[in-house]
Structure formats: C-alpha cells, structure tokens
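# A closer look at the structure
Given next are the chains, with one letter for each unit.
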Amino acid sequence: MASEARTAQQIVAALHARGQLTTDLSPVGVRPRLGEYTAQLWERRHFIWMDAQHRAATSHSRNRLGNVWLFLKPLLEALMYWLIFDRILGVTRGMENFPAFIIIGVLMFRSTMRSVASGPQTLRSGQAMIRAFTFPRAALPISAEIRETLQMVIAIFVMMVMIIVVPKHESPEWTWLLVPVVFAMQSVLNLGICFIMSRVGFVFPDTSQLMAFVARFLMYGSGVIFPVERFIDHPTAMFLIHLNPLYHMLIMYRELLMDGVIPSADHWITMGAWTAVLLIGGFIFFWRGEATYGGER
C-alpha cells in the first residue's frame, strides 16, 4: 500500500512539474483504504441488488421451463433422496423420520457447497466487467451470494413442503419461525466463504478442480446423510467435526424443523462465531488483493 501511494505521488508531482492540473484526479488500479472501499460498495448497493435480481430471474432463461426450474430442481432433489433412501433402500438409521433428516441435510448443504464450488470462478467470469468499469470488485461475490440467497428462499419453501408431505409427516411448529434466522446466518457464512474462494481461485485457477474433493469431505464431516454421532466415535474426528460450522448449521435446521426445539447455545455460538470470522476475515482478505484483480493470471 505504501509503494502504491508513493507511485501515485510521483505521478502527481510529474504532472505538476509540467504545469498540468490534477484536481479531482484519483488513481486507478490502486487499493483504496478499507473504510473508503466499504463506502464505495454501499454507494453501489442498488446496482448490486438489481444485478443479483436480474441474474436470479434469468438464470434459467435458456430452458423451456424457465424459472419453473427454481422450484423444480430442489423438488426433484428432495424426491430423489426420499425415493432412494426411504422407498427403495428402506434406510432409517434408527431415526423416526429419516426422509426429513436427509431432505433438510442435502438441500441446505448444497447451498453452501455452491459458494465453495462457484467462488473460485467469480472473478474470472467477471473479467470483462472488471476491465471495462471501475468499481469495488467485492461487488461481484456479493451479487453472486445475493443471487444464491434469492434462489435458496425457494428451496427452503420446497423443503418445508416436502417434510410436511412426505411420510413420516412433520407438522409446523412455532420453532419454524426461527428458520429465517439460521438461514440469514448461513447466507452471511456463504458470503464470507465466497470472498475467500474468489481470491484464492483468481490466484490459483486449479482450485476449482479440488472443490469436488472438498465438498465430499465436508459432506461426510457435516452429517448430511447420516448422524455422525452414531457412526463416528474417534475423539479427534469428533473434535474436528464439532469445529465444522456446517455440522452445527444442519443440527439447528433439524432441531427447529423436526424436533420443535430451540438449538442449544453452543450451536448458536459456534455458528455465529464462524459467520463473523469468515465474513470479516474473508472481506479483508479479498480487499487486500483488490489491485490485482484486473490483471491476467
């Protein structure tokens, strides 16, 4: 940052020596201060929101069914897992309502995995816009996550309908009113992950190829398709699993929707701490690479 400031001062001094005016000039391709950067994002909040809405509305525009896929895709996913594990395999894992367990796990886990998988491509897919316009590059991952959040609202609605309709039927309870709170925490968590993965993927393009393995590891370590406590008793493994925010997130969803109870404080604290750390740390990590995002890699 200091070397960038010195370079800018040298350019201004050279222009002054030639008698050129430098009023209202600002450097391009130089990382602004964090507060100024945040203010620039806030000034462009309307553009970010409109861009996310437009992309969410047109994400399936090339398909014949169009936005019907926003409902149909999570519905088919939920039906597929219900048919395989309940109707065909008859798996219960010793649980009263295993279909609801796996529907909640798969649909909510997929949202975060999309942030992990698509994050490395966020900046590269926006290179044309980056080179054509001057704007804080963090607008790209923010817009991507708002778009994902808008689409996930539909997935949550489908999920709730499915666990009511699919045997053994869950009945709505007052704890369902807290689901939006957990969903908001998950969305912020996803944004923090996207900030980190966007910069990592820009510096190391091969990151995208590793995400399938990361997703598989997280799936088994988050209790997506089976309750980990019943099948894993290794103390080190359980310690690492308890550090995993997705593990706590899925427990919170399931306790609110299936058990009708408020999750314990340790789930809220762990999830909240990860959300804050990833959002703030991810944003600063992304901001520190701001000046490099317009170049080729």
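Note that this is a predicted model, so its numbers are computed, not measured.

Cut-offs used in this document
Residues numbered from 1 in each chain as written. Predicted model: local features only at pLDDT ≥ 70, side-chain atom pairs only at ≥ 80, totals over all residues. Heavy atoms only, no water. Phe/Tyr/Trp six-rings, centres within 6.5 Å; stacked < 30°, edge-to-face > 60°. Helix = DSSP H or I, 4+ residues; strand = E, 2+ residues; numbered from the N terminus. Buried < 20%, exposed > 50% of the residue type's maximum accessible area, 1.4 Å probe, protein only. Lys NZ or Arg CZ within 6 Å of the ring centre and 35° of its normal. Axes fitted to C-alpha atoms, helices over the stretch in contact; angles between N-to-C directions. Parallel < 35°, antiparallel > 145°, perpendicular 65-115°, else oblique. Left-handed = near helix turned anticlockwise from the far one by under 90°. Contact = heavy atoms within 4.5 Å. Nonpolar A, V, L, I, M, F, W, Y, C, P; charged D, E, K, R; others polar. Expected span 1.5 Å × (residues − 1). Bend = angle between axes of the 7 residues up to and from the residue. Salt bridge = Lys/Arg side-chain N within 4 Å of Asp/Glu carboxyl O. Core = buried A, V, L, I, M, F, W, Y, C linked by side-chain atoms within 4.5 Å.

## Considering the packing of aromatic side chains
For the structure shown, the criterion picks out six aromatic pairs. Between Phe195 and Phe283, the aromatic rings sit 5.6 Å apart at their centres with planes inclined by 65°, giving edge-to-face as the arrangement. With Phe195 in helix α9 (residues 179–203) and Phe283 in helix α13 (residues 265–287), this pair connects stretches of sequence that are 88 residues apart. Assigned by exposure class, Phe195 and Phe283 land together as buried. In textbook terms, an aromatic cluster arises when at least three aromatic residues are bridged by ring pairs, as seen for Tyr37, Phe195, Phe202, Phe283, Phe286 and Tyr293. Across the ring face of Phe135, the terminal group of Arg137 is positioned such that the distance to the ring centre comes to 4.9 Å. For Arg199, the ring lying beneath its charged end belongs to Phe285, and the centroid distance is 4.7 Å.

## Notes on the packing of α9 against helix α12 (residues 245–259)
Between α9 and α12, the least distance of the axes is 10 Å, while the angle of their chain directions is 165°. Here α12 runs roughly antiparallel to α9, going by the angle between their axes. Considering how the two elements wind past one another, α9 and α12 form a crossing that is left-handed. Of the residues in α12, those in contact with Val179, Val182, Phe183, Gln186 and Leu189 of α9 are Pro245, Leu246, Met249, Met252, Tyr253, Leu256 and Leu257. Within the contact of α9 with α12, the residues separate by chemical class into eleven nonpolar, one polar and no charged.

## With respect to helix α10 (residues 207–221)
With 15 residues, α10 should cover 21 Å at 1.5 Å per step; its first-to-last C-alpha distance of 20 Å lies within 8% of that length. Maximum bend of α10: about 25°, positioned at Phe213. Looking at the packing, one finds that the buried side of α10 touches α5 (98–118), α9, α11 (235–243) and α12. Of the residues one or two after α10, Gly223 is the one with positive phi, at around 70°.

## Digging into α13
Helix length check: α13, at 23 residues, gives a terminal C-alpha distance of 33 Å against a target of 33 Å (1.5 Å per residue), a fit within 8%. Taken as a whole, α13 has its buried residues at His267, Met271, Thr275, Leu278, Gly282, Phe283, Phe286 and Trp287. Looking at the buried residues of α13, the elements they touch are α2 (34–43), α6 (122–125), α8 (139–165), α9 and α12.

## Some thoughts on the pattern of salt bridges
Going through the model one piece at a time under the given rule, you end up with one salt bridge. Across the pair Arg44 and Glu43 runs a salt bridge whose closest N-O atoms are separated by 4.0 Å. According to the relative accessible area criterion, Glu43 is exposed, its value standing at 57%.

## Quick look at the nonpolar core
Counting 55 residues, the largest nonpolar core has Met108 and Tyr253 as its most contacted members. Residue assignment for this core shows that the elements contributing at least two residues are α4 (68–88), α5, α8, α9, α10, α11, α12 and α13. For this core, the leading source of residues is α5, giving twelve residues. Excluding residues within four positions of it along the chain, Met108 makes contact with Met152, Ile156, Met159, Gln186, Met249, Leu250 and Tyr253.

Structural measurements only, silent on function.
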